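Close look at the chain arrangement
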Amino acid sequence: IAMNVRENEVEVLNMVIANEDLASKRRFLFSFWVRQNPNNPKLVYDQYMEVAKAIDKLYASGFGHGFETDRGYTFMKYGKPNDIVSVDNDPSAPPYEIWVYYEFPVTQQNNVKFIYYNPSLAGGNYVFLHSTARGELNNPQWEVELYRDAPQEGASANFIDNTRMLDNTNRMAWRLFNDM
């Protein structure tokens, strides 16, 4: 639930987690779910846990539970994206995924995108690379990072300030990200 806790409750949540007292942890969780649905907190808790279990299966990797991964965290925080494009055949890049939310009520934006990539090539270990959502990681050099194995193909001679790669027929990330 940490990703859905109000900003002013983060410090309290951290103290509750650090505390060994099981009763205080239960009280915090109960109060959280009561705020979600005062008439039936168990219903919203059960629904949340159903999603968490599904995310755990879908995004589990050798590095932790699925809900602990970057993709799992985003899913639990913002819900299911409207569109996901998975690319694992871009010759100059590790596998990556682009997620699109057509409507993003959290920030009152439309057509919000997230991109994740698997730089280690380890099963399912996708890392958050860039987003257009306000308040999330905005990395102007995301394309350069994605294609870091082809640094000589940057659009600018200055590698440090480079934000784009030269376009070629096999390099799809920029087109996919902007055309969705």
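Another point: the packing of aromatic side chains. According to the stated counting rule, one finds 16 aromatic pairs in the structure shown. On the numbers, 5.1 Å between centres and 55 degrees between planes, the contact of W33 with Y48 is tilted. A residue pair is termed long-range when its members are at least 10 positions apart, and W33 in helix α2 (residues 22–36) and Y48 in helix α3 (residues 41–59) qualify at 15 residues. Residue classification places Y48 among the buried positions, given a relative accessible area of 15%. Ring centres 5.0 Å apart and planes at 45 degrees place the aromatic pair W142 and F177 in the tilted group.

Counting 19 residues, the largest nonpolar core has W99, Y101, F104, V112, F114 and Y116 as its most contacted members. Only α2, α3, α4 (70–78), β2 (96–104) and β3 (109–117) provide two or more residues apiece to this core. Aside from chain neighbours lying at most four places away, what touches Y101 is T74, F75, Y78, G79, K80, P81, N82, N110, N111, V112 and F114. If you look at the next biggest cluster of nonpolar residues, it comprises 13 residues, including V100, Y117, L146 and F177.

Reading guide: rules and limits
Residues numbered from 1 in each chain as written. Predicted model: local features only at pLDDT ≥ 70, side-chain atom pairs only at ≥ 80, totals over all residues. Heavy atoms only, no water. Phe/Tyr/Trp six-rings, centres within 6.5 Å; stacked < 30°, edge-to-face > 60°. Helix = DSSP H or I, 4+ residues; strand = E, 2+ residues; numbered from the N terminus. Buried < 20%, exposed > 50% of the residue type's maximum accessible area, 1.4 Å probe, protein only. Core = buried A, V, L, I, M, F, W, Y, C linked by side-chain atoms within 4.5 Å. Contact = heavy atoms within 4.5 Å.

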